[in-house]
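# Observations on the three-dimensional arrangement
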Amino acid sequence: MTTILRLPGEPADITLPALLLRNAEDHGDLPALSWRPAPEAEWETLTWREARRKVGVLAAGYAALGVRRGEHVLMMMGNRPEHWLSDLALVHLGAVPVTVYGTSAPEQIAHIARHSRARFAIVEGARELERWEPLLSDATAPLERLVVVEAAEAGPHRTYGSLHATGGRLFDPDAFEKAWRETRAEDPLTVVYTSGTTGDPKGVRITHRNVVLNGVGLDAVVVLPDFVEHISYLPFAHVAERMLGIYLPVFRAAHVYLCADPAAVAATARELRPAQFFGVPRVWEKLAASVKAVLAGLPEEQRESIEAANETARARVEYVERGEVPPADVETAYREAKEKILDPLLSLAGFDRLVWTASAAASMPLDVVRFWAGFDVVIMDAWGLTETTGVVTINNPAAFRLGSVGKPLDGLEIRTDDDGEILVRGATVFDGYLLPDGGVESACDADGWFATGDVGRIDEDGFLWLTDRKKELIVTSTGKNVSPVLVENTLKEHPLIGQALVHGDGRSYLVALLVLDTEMAPVWAAARGITGDLMASEAVREEVARAVEAANARLNRTEQIKRYRLLGEEWGPETGELTPSLKLRRRVIREKYAQAINGLYAP
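Residues numbered from 1 in each chain as written. Predicted model: local features only at pLDDT ≥ 70, side-chain atom pairs only at ≥ 80, totals over all residues. Heavy atoms only, no water.

- Going by the annotation in an unreviewed UniProt entry, the name recorded for the protein chain is Acyl-CoA synthetase, with Streptomyces rectiviolaceus given as the source organism.
- UniProt's Catalytic activity (unreviewed entry) comment on the protein chain is quoted here verbatim: "a long-chain fatty acid + ATP + CoA = a long-chain fatty acyl-CoA + AMP + diphosphate".
- Of the comments in the UniProt record for the protein chain, the one headed Sequence similarities (unreviewed entry) reads "Belongs to the ATP-dependent AMP-binding enzyme family." (UniProt positions renumbered as here; feature names shortened; annotations may be inferred.)

## Overview of the side chain of Glu577
- In this structure, Glu577 sits in the loop between β27 (561-567) and α18 (586-592).
- Separated by 2.4 Å, the side chains of Glu577 and Thr575 make a polar contact.
- Within the structure, Glu577 has its side chain in polar contact with the side chain of Lys592 (distance 2.4 Å).
- Residues within four places of Glu577 in sequence aside, it is in contact with Trp571, Gly572, Lys583, Leu584, Arg585, Val588, Ile589, Lys592 and Tyr593. (Helix = DSSP H or I, 4+ residues; strand = E, 2+ residues; numbered from the N terminus. Polar contact = N/O pair within 3.5 Å; in protein donor to acceptor, adjacent residues only side chain to side chain. Contact = heavy atoms within 4.5 Å.)

## Details of the nonpolar core
- Membership of the largest hydrophobic core comes to 125 residues, with the highest contact counts inside it found for Tyr62, Trp84, Ile122, Phe277, Trp284 and Trp372.
- Sequence-distant contacts of Phe277, that is, excluding residues within four places in its chain, are made with Tyr233, Val265, Val283, Trp284, Leu287, Phe351, Leu354, Trp356, Thr357 and Ala358.
- Membership of the second largest hydrophobic core comes to 26 residues, among which are Leu510, Ala512, Met535 and Ala551. (Core = buried A, V, L, I, M, F, W, Y, C linked by side-chain atoms within 4.5 Å. Buried < 20%, exposed > 50% of the residue type's maximum accessible area, 1.4 Å probe, protein only.)

## Focus: the sheet that holds strand β8 (residues 188-193)
- One open sheet holds the four strands; their spatial order is β8-β9-β19-β20, and the pairing between them is antiparallel. The open sheet has two edge strands with one neighbour each: β8 and β20 (440-441).
- Across two bridges, the pairing between strand β19 (residues 432-434) and β20 is antiparallel. Opposite Leu434, over in β20, you have Val440 as the bridge partner. (Pairing = 2+ DSSP bridges.)

## Some thoughts on the packing of aromatic side chains
- All told, the structure shown has 16 aromatic pairs when counted by the stated rule.
- Ring centres 6.2 Å apart and planes at 50° place the aromatic pair Trp48 and Trp84 in the tilted group. With a gap of 36 residues between them, Trp48 in helix α2 (residues 48-65) and Trp84 in helix α3 (residues 81-93) connect regions that are remote in the sequence. Take Trp48 and Trp84: they sit in the same class, and that class is buried.
- Here the aromatic residues Tyr233, Phe277, Trp284, Phe351, Phe371, Trp372 and Phe375 are joined through ring pairs into a cluster of three or more.
- Here the basic side chain of Lys292 rests over the ring of Phe371, its NZ or CZ set 5.1 Å away from the ring centre.
- Positioned over the ring face of Trp449 is Arg415, at 4.7 Å from the centre of the ring. (Phe/Tyr/Trp six-rings, centres within 6.5 Å; stacked < 30°, edge-to-face > 60°. Lys NZ or Arg CZ within 6 Å of the ring centre and 35° of its normal.)

## Thoughts on the side chain of Asn552
- Secondary-structure assignment places Asn552 in helix α17 (residues 538-553).
- Asn552 gets classed as buried once you look at its relative accessible area, which sits at 13%.
- Reaching out from Asn552, the side chain makes a polar contact with the backbone nitrogen of Ile561 at a distance of 2.8 Å.

## A look at the pairing of strand β9 (residues 203-207)
- β9 sits mainly inside the fold: five of its five residues count as buried.
- Both faces of β9 are covered, namely the face carrying Gly203, Arg205 and Thr207 and the face carrying Val204 and Ile206.
- Sheet topology note: the β8/β9 ladder contains five bridges and is antiparallel. Looking at β9, one finds that Thr190 is bridged to Ile206.

## Some details on helix α6 (residues 160-170)
- Within α6 the residues assigned to the buried category are Tyr160, Leu163, Thr166 and Gly167. Buried residues of α6 fall within an arc of 120° about the axis and therefore sit on the same side.
- For α6, the secondary structure elements touched by its buried residues are α2, α3, β6 (145-148) and β7 (158-159). (Arc of directions from axis to C-beta.)

As structure tokens, this is what we get:
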């Protein structure tokens, strides 16, 4: 545990409200939460003492609304203070906050509302109301009331402001303290609905104990500055941001900066110069593409000096990765490159103060990891699931292998089954899947092992390497197993290819849908004097063909792509091809492009 903090009890017995009280008592004047009330406005900040008081007022408001201990309350808001504070307020009442992805379709919202049996939902504004209001008159859904944050868009519904005002009038400190002290570590802290890549979302029930012990495990390997800042920009509906943006900051008394617009995260990083930064692989890919686009426009001499500095940094990382001390000449060259070239470049992105960079949620392409290592940004890849309260394995500066997802946290065990599926056992494995009647169904076997659905291998040093999702493995008509992620990542190593989906289950050969990289493709074209519609450019199509040929040369015969279709429109959560955590929705893509895929198998 970080030496500046005390734990208010045995870790297995601590609840989140007990940690918030600790922060208010021990670090009450330090910043807890900052946000911009408008895109160009100055930051507003609550200290830990002020945040806890605000949580108490909101708890009184939600209690007056009729929220009861143990019931689920749904939320659909961006990363804004009303979301963060309401989440903790509901927890202090003993209620169970459940955040729904802002990109969820009406049928997904309806499923979650029915499945969770929620009577109340807190939504942001008109865009959300359009999808939520029909449920109020739906006899199959128990939803009774909506609370709307944007007062001007609330219409006949209760506003967040009026609820807060009611809480201010009714707040009783004694009642507030009594309510949260009734909560036990084994009680549910939240339910996180999976993003539904293959079907209806499942409700994963996570307890206070799961979260606190995950925090203890992470704190033992992740060394950060005291009261470190965190830029919160990923959806709170995802377990990663729920841990990083709410629970771990409460555990660590850290300072959360809420970034309401994910597109503004790069600008926010440049302004704040954070000590830590987390991004799912697609975020790191996009950032890398942006850097490459800038570098491509530099004079050749400057570009060559940067590339030389990159190679020096990578050479040093390779020694550290092997647990070796870099030779004196390598260390000297690295220090010079860092001071004269790398640090000035990183400062332009706000990354010059980074001591911890991490990724999780999907396999990180090795070429992206190596690219960032060339800038002295060693991304510590981690692995976990919603069902494991986030991180199970993680790399750390003292022990890492680029391309792996690290070693298990203390208190967790991993092993692989006969078919390579990764099994997990330990105190942070979830309580169970929520049932429609409010009960919970355990997903662990009699010995406590949870089958993750991920496939991988554990090397001789104990590092875990992911191969694929068990359900996503392609089995060709000849009985060969193929990892689509391996093939897709190999294809994406070319700067023109931003996204890829490989198909071939039950077929004699593989085909692919390829999407031009929206940032790198224009840069590549401009450097060659190509203008206009890139999809119509013969030079672009010829280069993509060479990219596929180069990828095939690195793959075995079964993994090679025989035919492909080039697409010009990027896939995203709003259009349905990606989950909110930016994973491929393979079924959706296959259905949407069924005609194109079938055409690739036509004689």
